[in-house]
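Reading the structure
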Amino acid sequence: MTAPVRFPRFFVTSAAPCPYLPGRSERKVFTELKGPHADQLNDALGRIGFRRSQTVAYRPSCVDCSACVSVRVVAGEFRASSTQKRNIKANSDLIAVPCRPWSTVEQFDLLQRYLAHRHPGGGMANMDEVDFADMVEHTPVDTQIVEYREPTPEGLPGRLVGACLTDRQGDGLSMIYSFYDPDHPFREGLGNYIILDHIRRAADEGLAYVYLGYWVDGSVRMQYKVRYRPLERLGRDGWSRIDNDEHDRLVAAAAVMRRVDALPLDGLTKDGAHGGQDQYRVEEV
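Given the structure is predicted, the values throughout are model-derived calculations rather than measurements. (Residues numbered from 1 in each chain as written. Predicted model: local features only at pLDDT ≥ 70, side-chain atom pairs only at ≥ 80, totals over all residues. Heavy atoms only, no water.)

For strand β11 (residues 172–180), a buried count of 9 out of 9 residues is recorded, marking the element as mostly surrounded by other parts of the structure. As paired elements, strand β10 (residues 157–168) and β11 share 7 bridges and run antiparallel to each other. Note that in β11 the partner of leucine 165 across the bridge is tyrosine 177. From the end of β10 to the start of β11, which pair antiparallel, there are 3 residues. Strand direction decides the pairing type here: β11 and strand β12 (residues 209–216), joined by 3 bridges, are parallel. Among the inter-strand pairings, serine 174 is bridged to a residue of β12, identified as tyrosine 211. Chirality of the crossover, the property in question, places the unit of β11, helix α5 (residues 190–204) and β12 among those that are right-handed. (Buried < 20%, exposed > 50% of the residue type's maximum accessible area, 1.4 Å probe, protein only. Helix = DSSP H or I, 4+ residues; strand = E, 2+ residues; numbered from the N terminus. Pairing = 2+ DSSP bridges. Right-handed = clockwise from strand over helix to strand, strands pointing away.)

Spelled out as structure tokens, the structure:
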């Protein structure tokens, strides 16, 4: 006789300033991921728009705003644009090494350079080695950190130039957090390449999707997510594909936004997670 699966307890955070849209506030609903069924729970919650941060699954639960929209790339149908093809060609020599979720000094040094250049003043700027280890290693689900290394003259994995903390779910890969060398003199678009490589990986493994987290209409820093097609978004009636005409409009709008207009991101991840349950003032729902 199997033990019954206990329904998770959900909590909601107090309102806080929105890290994406000025003048707005945010709330999150979240639950703990623990026990022998953590993978199954994470899979189920991922399909309804939750994201993982360490041992917590969360999603926005804002009272008067629905700007955060979960999006995922249909990996098997993805066709690279001409720009994406050039990116793939320019970085095709990189050696991707899937590693167990164990933090290293080399990864942390790369993260610090990335944050100082791309997200100065953000919520992760004061992370130390222990905080980084918690982010990478505190996972109750199937997680890898994929390292991207330049080859040595002998063709072996050499200098670390990028990394991505990635969950393997039942129907796809969920990109939890990626970071890379922001000042590399010969490699542009490393962040985009990491996404492109995850799309390829998912397709090769027979996984349907790559989950990119939340696209936020009006937030400059979140517009890169509309560059990948076909793209599905989660609405009240479930997942639906963005049609070509609307996708064209979104890409065109993203192209005219200037990155310098963006506010510094707050929170533990690009999608606004702030760590474990002890980080919140909460009430049960």
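In terms of burial, β10 is a largely internal element, 9 of the 12 residues being buried. Looking at chain direction, strand β9 (residues 143–151) and β10 are connected through 8 bridges and run antiparallel. What sits directly across from glutamine 144, in β10, is threonine 166. From the end of β9 to the start of β10, which pair antiparallel, there are 5 residues, and glycine 155 there has a positive phi angle of about 85°.

Chemically, a disulfide is nothing more than a covalent bond linking the sulfur atoms of two cysteines. Applying the stated criterion across every chain, the model contains 0 disulfides. Note on cysteine 62: no disulfide assigned, nearest cysteine sulfur contributed by cysteine 65 at a separation of 5.7 Å. In this structure cysteine 68 is a free cysteine whose sulfur lies 6.1 Å from that of cysteine 62, the closest cysteine sulfur available. With relative accessibility at 28%, the residue cysteine 68 sits in the partly exposed group. (Disulfide = S-S within 2.5 Å.)

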